[in-house]
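This is what each chain is made of:
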Amino acid sequence: MPDYPAATQRSRVRVPLRFNDGYSVDAELVTFHGLADGQEHVAMILGTPSATPSTTPLVRLHSECLTGDVFGSSRCDCGPQLREAVEQIATRGGVLLYLRQEGRGIGLYNKLDAYALQDEGLDTYAANTALGLPEDARDYTAAAQMLTALGITELDLLSNNPDKANQLRDLGITVGHRVPTGVFTTAHNVRYLRAKVLQTQHTLPLAELTAG
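Residue positions are given per chain, counting from 1 as you read along its sequence in written order. Per-residue local features of the predicted model are confined to residues with pLDDT of at least 70, and side-chain atom pairs are confined, for both listing and counting, to 80 or more; whole-chain, interface and lining totals are unaffected and use all residues. The side-chain quantities take in all heavy atoms of the structure and omit both hydrogens and water.

Tell me about the packing of aromatic side chains, and name the residues and values.
Under the pairing criterion, centres of Phe, Tyr and Trp rings, with the six-membered ring standing for Trp, must be within 6.5 Å; the plane angle then separates stacked pairs below 30 degrees from edge-to-face pairs above 60, leaving the rest tilted. For the structure shown, the criterion picks out one aromatic pair. Where Phe-19 meets Tyr-23, the ring centres are 6.2 Å apart and the plane angle is 35 degrees; that geometry is what we call tilted. Only when the NZ atom of a Lys or the CZ atom of an Arg is both within 6 Å of the ring centre and within 35 degrees of the ring normal do we say a charge sits over the ring. Over the aromatic face of Tyr-115 sits the side chain of Arg-75, whose NZ or CZ is 4.2 Å from the ring centroid. The ring of Phe-19 carries Arg-83 above its face, with NZ or CZ at 5.7 Å from the centroid.

See the structure below:
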């Protein structure tokens, strides 16, 4: 049994989604009571995983990125990853957890301060450290609570980040396979992506990154 309190579903509502490239899909958004960090995280149910019981649901833990997800910033790959994940999960059936963890958990203002330090030559992790903040402050206890409240204790994880899989396993969630996302390079994010590979072992092929 997990050593954290159970969360419960609070509400469910259907929301039609439409992206800038014209892709559209219906999602069911679920909110929760009792999440460990007190944040307003949302589960986005896509496709019909229950229609094929033999298929393990595909799940992504997507950390909120206002600059990338909403404003289309090319300093990161968050917006394209979100768009790709929604379609992949809708096709197979599963859940996207939209987690309020801006800037790997340090918050929006601190993330923008870190951007300023990156403009002076620091990488994304060194910039956090220079601000006296963790390189990655994210904790996925709330994600495990959300999945358990949805009846999901076994999944395939759509992620390049091994820490997400490791934390979920430590929290009692069975991660069968880790499915990599695409590589979304721009002229502005290659150093950022390389740092993720070299510092935290993200599964991104460096050959593709050097072409950015």
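Here the narrative resumes, following the displayed structure.
If you had to explain the side chain of Asn-160 to someone new, which residues and values would you point to?
Checked against the element boundaries, Asn-160 lands in the loop between strand S6 (154–158) and helix H7 (162–170). Residue exposure (1.4 Å probe, protein chains only): buried if accessible area is under 20% of the type maximum, exposed if over 50%, otherwise partly exposed. Taking the relative accessible area as the measure of exposure, Asn-160 reaches 3% and is therefore buried. Polar side-chain contacts of Asn-160 include one of 2.6 Å to the side chain of Thr-181. Strands are runs of DSSP state E lasting at least 2 residues, helices are runs of H or I lasting at least 4, and numbering of each runs from the N terminus. By the criterion applied in these results, polar contacts are pairs of N or O atoms within 3.5 Å in which, for protein atoms, one can donate a hydrogen and the other can accept it, and in which residues neighboring in sequence qualify only through two side-chain atoms.

Mind laying out the pairing of strand S3 (residues 42–46), listing which residues take part and the relevant values?
With four of five residues buried, S3 lies mostly within the body of the structure. The criterion for strand pairing is that DSSP finds at least two bridges linking the strands in question. Bridge analysis of strand S2 (residues 24–33) against S3 gives three bridges, and the strand direction is antiparallel. Among the inter-strand pairings, Glu-28 is bridged to a residue of S3, identified as Ile-45. Two strands pair when backbone bridges link them, and S3 and strand S5 (residues 94–99) are joined in this way by five bridges, in the antiparallel orientation. By the bridge assignment, Ile-45 is partnered in S5 with Val-95.

Outline the environment of Pro-80, listing residues and values.
Looking at the secondary structure, you find Pro-80 in helix H2 (residues 78–92). Among the residues examined, Pro-80 registers a relative accessible area of 35% and is labelled partly exposed. When the C-alpha atoms of Pro-80 and Gly-68 are compared, they prove to be 8.2 Å apart, with twelve residues separating the residues in sequence.

Explain the nonpolar core to me, using residue names and the numbers behind them.
What makes a nonpolar core is a set of buried Ala, Val, Leu, Ile, Met, Phe, Trp, Tyr and Cys residues whose side-chain atoms join them at distances within 4.5 Å. Leu-61 and Leu-97 are the most contacted members of the largest nonpolar core, which has 27 residues in total. The set of elements that each furnish at least two residues to this core consists of S2, S3, strand S4 (58–63), S5, helix H6 (141–149), S6 and H7. A per-element tally of this core places H6 first, with five residues. Excluding anything up to four places from it in sequence, Leu-61 contacts Leu-97, Leu-99, Tyr-140, Ala-143, Leu-157, Lys-164 and Leu-168. Tyr-23, Leu-58, Leu-82 and Leu-158 belong to the second largest nonpolar core, which has 15 residues in total. Contacts between residues were defined by any pair of non-hydrogen atoms, one from each residue, lying within 4.5 Å.

Please give an account of H7 that cites residues and values.
Turning to H7, its buried residues are Pro-162, Lys-164, Ala-165, Gln-167 and Leu-168. Of the residues that open H7, the one with a side-chain oxygen 3.0 Å from the backbone nitrogen of Asp-163 is Asn-161. Gly-172, located one to two residues past H7, shows a positive phi value of around 95 degrees.

Would you mind going over the side chain of Thr-124 in detail, with residue names and values included?
Checked against the element boundaries, Thr-124 lands in helix H5 (residues 124–130). Overall, the relative accessible area of 5% leaves Thr-124 in the buried class. Within the structure, the side chain of Thr-124 is placed 3.0 Å from the side chain of Arg-104, a separation counted as a polar contact.

In short, shape yes, function no, at least from these values alone.
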